[in-house]
Amino acid sequence: MKSINKTLFIKTLECPVYAWHLYRGLVPKDSSLSDDFLVMEAKNIHNMAKMLFKDGVQVCGKLEEALQQTKDLINDKNTKTIFEPVFKYDDFIAKADILSRTETGSWEIIEVKSGNKWKHKYISDIAYVSLIATKTIPSISKATLYLLSKDFRLGKAIDELFTKVDCSFDVFTLAEEYSDKTGHSKEILLAENPEEKKLKISCKNCALFKECTGKDIEYHIFDLPRLSQLIFEKLAENKIYEVKDVPEDTELTQMQKVVKDCVVNDKIFVSPNLKSELAKIIFPAYYLDFESVMTIYPLYNNIAPHSQILTQYSIHKCDKADNITDHFEYIADHTQDCRKIIAKKLIEVLGTAGSIITYSSFEKQIIEKLIPICPEFTEQLKAITDRIVDFEEILRLNYYDKRFHGRTSIKKVLPVMIPQMNYNELEIGEGGVALSAFAYMAMGLYSEEKIKETKQNLLKYCEQDTLALVKMHKFLYDVANKTDNL
């Protein structure tokens, strides 16, 4: 039979149905540029952790070869550190990141993570590995997490990149709990059919949702925005899965009531406040969108791990709704931190008058983070944030189409509001891909020709976002005026 790894085991505890499908290769695999980039970054961090152990021996080869090599290295008293040792117990396999022999001759199991905060997920990972490893090595006395240090900066020694967290008690306690669950886990995975489906709030973001608990339901209760755990549990307990079936006495928020009303009565919600909210926008208006890069290992000097760095902007300027008078754009030199340059350009382009329209609070937060970096521009940057209008907030409170399915992200609402606009024909059409593409350039992994092509694609993507904002504004403007004239 097929071996059971860490992911499969833990998934059986979280969702047996998902685990059953995953075991059979029936779950779609992520294969975007952003997914590949995250994998590459994680491998880089693991390799940096290995640099801390000069005497480490790498385990390699196929499963049986790796298992034998692991046993041989453990039995060799001269071996101090083993990289990626592989263990097997029954049909369960596990691979540790690092196994290090302590001064007393016992072993320390080390898990390297790319995050900088303790997470229960990390304990789950290392507990499973510890459980399977102890079937081969009874003398594991310590479990340690290597997390990234918030104080690390490019140029510092690699040993300053990591913060070491002794999590032995939590790991060994959880490993004991896991030991009682391996049999049931195996039964779940080997069963002829998956367990009966049971709706959980975590189903909402599952890759199998549409084929599983969301199958054949067009307007699911997950369409109710910000659905609380308490209300969800009441609905699920009574087997209520569709918005139209939500009882009248259910305590819904105002926005949830709007969503239900639109589904039940097949209508579009237009708030009486829409026109007055739009009237607050002062022309000339500037439609602003940012793109940024965030990497695990810093790209530039004086940057901490996981720092978000502004890399480009697009600005459409209009003197009235949908009348574009100018377009401004900028993309950073990928070889350096250009945030000060961008701050100065933004001040020049945005001037001192007119609303600055963004979609979400992201742009405002980024500009606020520019202030400590550019203290000489404090007054001008604060003035810019004071002019920002969050268009997503206007939409969320004043307009709803049931085809939004409870979402307000631009990728969800744009195809409904402006069907002729989409991102399908763009080479880069998603934020995670845009981030990854810039990071690849900054890491020197693209040729000059590829860099030129990528920058053009990034500019087109960012421009599409601000053009979409312009079109959405005109759409709502027309809706408000049409409603007003009825």
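Preceding block: the structure.
Okay, so let's go over this structure. Quick caveat: nothing in here was measured; it's all calculated off a predicted structure.

Among the nonpolar cores identified, the biggest contains 97 residues, and Y313, L381, F391, L395 and M472 are the most heavily contacted of them. No other element matches helix α17 (residues 448-485), which puts 11 residues into this core. What L395 contacts, discounting residues up to four positions off in sequence, is Y359, F404, V413, M417, M472 and L476.

The subject of this paragraph is unusual backbone geometry. Following F283, the chain continues into P284 via a peptide bond in cis, with omega recorded as 0°. Even without being a glycine, D322 presents a positive backbone phi close to 70°. Summarising the element assignment, D322 is placed in the loop between β11 (308-320) and β12 (323-331). On the accessibility criterion, D322 (28% relative accessible area) is partly exposed. Even without being glycine, S360 reaches a positive phi, approximately 95°. Structurally, S360 is set in the loop between β13 (356-358) and α12 (362-370).

The five strands are arranged β12-β11-β10-β13-β14 in an open sheet whose pairing can be described as mixed. At either end of the open sheet lies a strand with only one pairing partner, and these are β12 and β14 (388-390). The average undirected angle you get between the axes of adjacent strands in this sheet is 25°. When strand β10 (residues 285-294) meets β13, the two strands line up parallel, connected through two bridges. Note on β13: the bridge partner recorded for Y286 is I356.

For the rest of this paragraph, the subject is the packing of helix α1 (residues 6-14) against helix α5 (residues 120-133). Contact geometry of α1 with α5 gives a least axis separation of 10 Å together with a crossing angle of 115°. Of the two elements, α1 crosses α5, and the hand of that crossing is right-handed. Together, K6, F9 and I10 of α1 and S124, D125, Y128 and V129 of α5 make up the contact between the two elements. Of the residues in the contact of α1 with α5, the class split is four nonpolar, one polar and two charged.

What follows is about helix α2 (residues 16-23). The element α2 is extensively covered by neighbouring structure, given that seven of its eight residues are classed as buried. For α2, the elements touching its buried residues are α1 and α7 (182-190). Just downstream of α2, G25 is the residue with a positive phi angle, here 70°.

Overall, the coordinates contain one cavity of 30 Å³ or more when judged by the stated rule. In terms of lining residues, the largest cavity is bounded by V293, M294, T295, P298, L299, Y300, I303, A304, S307 and I309. Taken together, the residues that form the lining of the largest cavity break down as eight nonpolar, two polar and no charged.

This next bit is on the side chain of S271. Looking at the element boundaries, S271 is found in the loop between β9 (269-270) and α10 (274-279). Here N273 takes part through its backbone nitrogen, which lies 3.0 Å from a polar atom of the side chain of S271. What S271 contacts, discounting residues up to four positions off in sequence, is L397 and N398.

The next thing to look at is the sheet that holds strand β7 (residues 140-148). Ordered in space as β1-β2-β5-β6-β7-β8, the six strands form an open sheet in which the pairing is mixed. Here the strands that pair on one side only, and so sit at the sheet edges, are β1 (56-58) and β8 (162-166). The mean inter-strand angle of the sheet, taken between neighbouring strand axes irrespective of direction, is 25°. Note that strand β5 (residues 98-101) and strand β6 (residues 107-112) share four bridges and pair antiparallel. Across the sheet, residue R101 finds its bridge partner in β6, namely W107.

Pairing of β10 with β11, which is carried by 10 bridges, proceeds in the antiparallel orientation. Paired with A285 across the bridge in β11 is C318. Both β11 and β12 contribute to a ladder of eight bridges, which runs antiparallel. Pairing of Q312 across the sheet is with I331, part of β12. Taking the residues between adjacent antiparallel strands as the criterion, β11 and β12 are bridged by two residues, where D322 takes a positive phi near 70°.

Attention shifts here to the packing of aromatic side chains. What the rule picks out here adds up to 15 aromatic pairs. Centre to centre, the rings of F9 and F92 are 6.2 Å apart; their planes meet at 80°, and the pair counts as edge-to-face. Of the two residues, F9 is situated in helix α1 and F92 in strand β4 (residues 92-95); the sequence distance between them amounts to 83 residues. Under the relative-accessibility criterion, F92 is labelled buried at 1%.

Taken N-terminus to C-terminus, the directions of helix α11 (residues 339-350) and helix α13 (residues 378-386) make an angle of 55°; their axes are 10 Å apart at the nearest point. When the interaxial angle is binned, α11 and α13 end up oblique. Between α11 and α13 lies a crossing whose hand is left-handed. Between α11 and α13, the residues in contact are A343, L346, I347 and L350 and Q380, L381 and I384, respectively. In terms of residue class, the contact of α11 with α13 is made up of six nonpolar, one polar and no charged.

Moving on, we come to the side chain of H220. Topologically, H220 is positioned in the loop between α7 and α8 (229-237). If we ignore the near neighbours within four places in the chain, the residues touching H220 are L199, F209, T213, G214, Y241 and V243.

What counts and how
- Residues take numbers from 1 onward in each chain, read along the sequence in its written order.
- Owing to the predicted nature of the model, reporting of local features is limited to residues with pLDDT of at least 70; listing and counting of side-chain atom pairs is limited to 80 or more, with chain, interface and lining totals taken over all residues.
- For the side-chain quantities, the full set of heavy atoms in the structure was used; hydrogens and water were omitted.
- The term nonpolar core refers to a set of buried residues drawn from Ala, Val, Leu, Ile, Met, Phe, Trp, Tyr and Cys, joined through side-chain atoms within 4.5 Å.
- Note on exposure labels: buried denotes an accessible area under 20% of the residue type's maximum, exposed denotes more than 50%, and partly exposed covers the range between, all computed with a 1.4 Å probe on protein chains only.
- Strands here are runs of E lasting at least two residues and helices are runs of H or I lasting at least four, both read from the DSSP assignment and numbered beginning at the N terminus.
- The criterion used for residue contact is that any of the two residues' heavy atoms lie within 4.5 Å.
- Two strands pair under a simple rule: DSSP has to find at least two bridges between them.
- Angles shown run from 0 to 180 degrees and are taken between the N-to-C directions of axes, each axis being a line fitted to C-alpha atoms and, for helices, limited to the stretch in contact.
- With the far helix as reference, a near helix turned anticlockwise by less than a right angle produces a left-handed crossing, and one turned clockwise produces a right-handed crossing.
- All amino acids are sorted into three groups, where Ala, Val, Leu, Ile, Met, Phe, Trp, Tyr, Cys and Pro are nonpolar, Asp, Glu, Lys and Arg are charged, and the leftover types, Gly among them, are polar.
- Throughout, the protein atoms alone are placed on a 1 Å grid, and a set of points is a cavity if a 1.4 Å probe fits but cannot get out or a pocket if it is open with protein on both sides within 12 Å along at least five of seven lines; lining residues have an atom within 4 Å of a point.
- Grid points are joined across faces, edges and corners, and a volume is the space filled by probe spheres set on the points.
- Any pair of nitrogen or oxygen atoms within 3.5 Å is treated as a polar contact; in protein, a donor-acceptor pairing is required on top of that, and neighbouring residues in sequence qualify only through side-chain atoms on both sides.
- Centres within 6.5 Å are what make two rings of Phe, Tyr or Trp a pair, Trp counting through its six-membered ring; a difference in plane orientation under 30 degrees is then read as stacked, over 60 as edge-to-face, and the rest as tilted.
- For classification, angles of less than 35 degrees are called roughly parallel, those exceeding 145 degrees roughly antiparallel, those between 65 and 115 degrees roughly perpendicular, and all remaining angles oblique.

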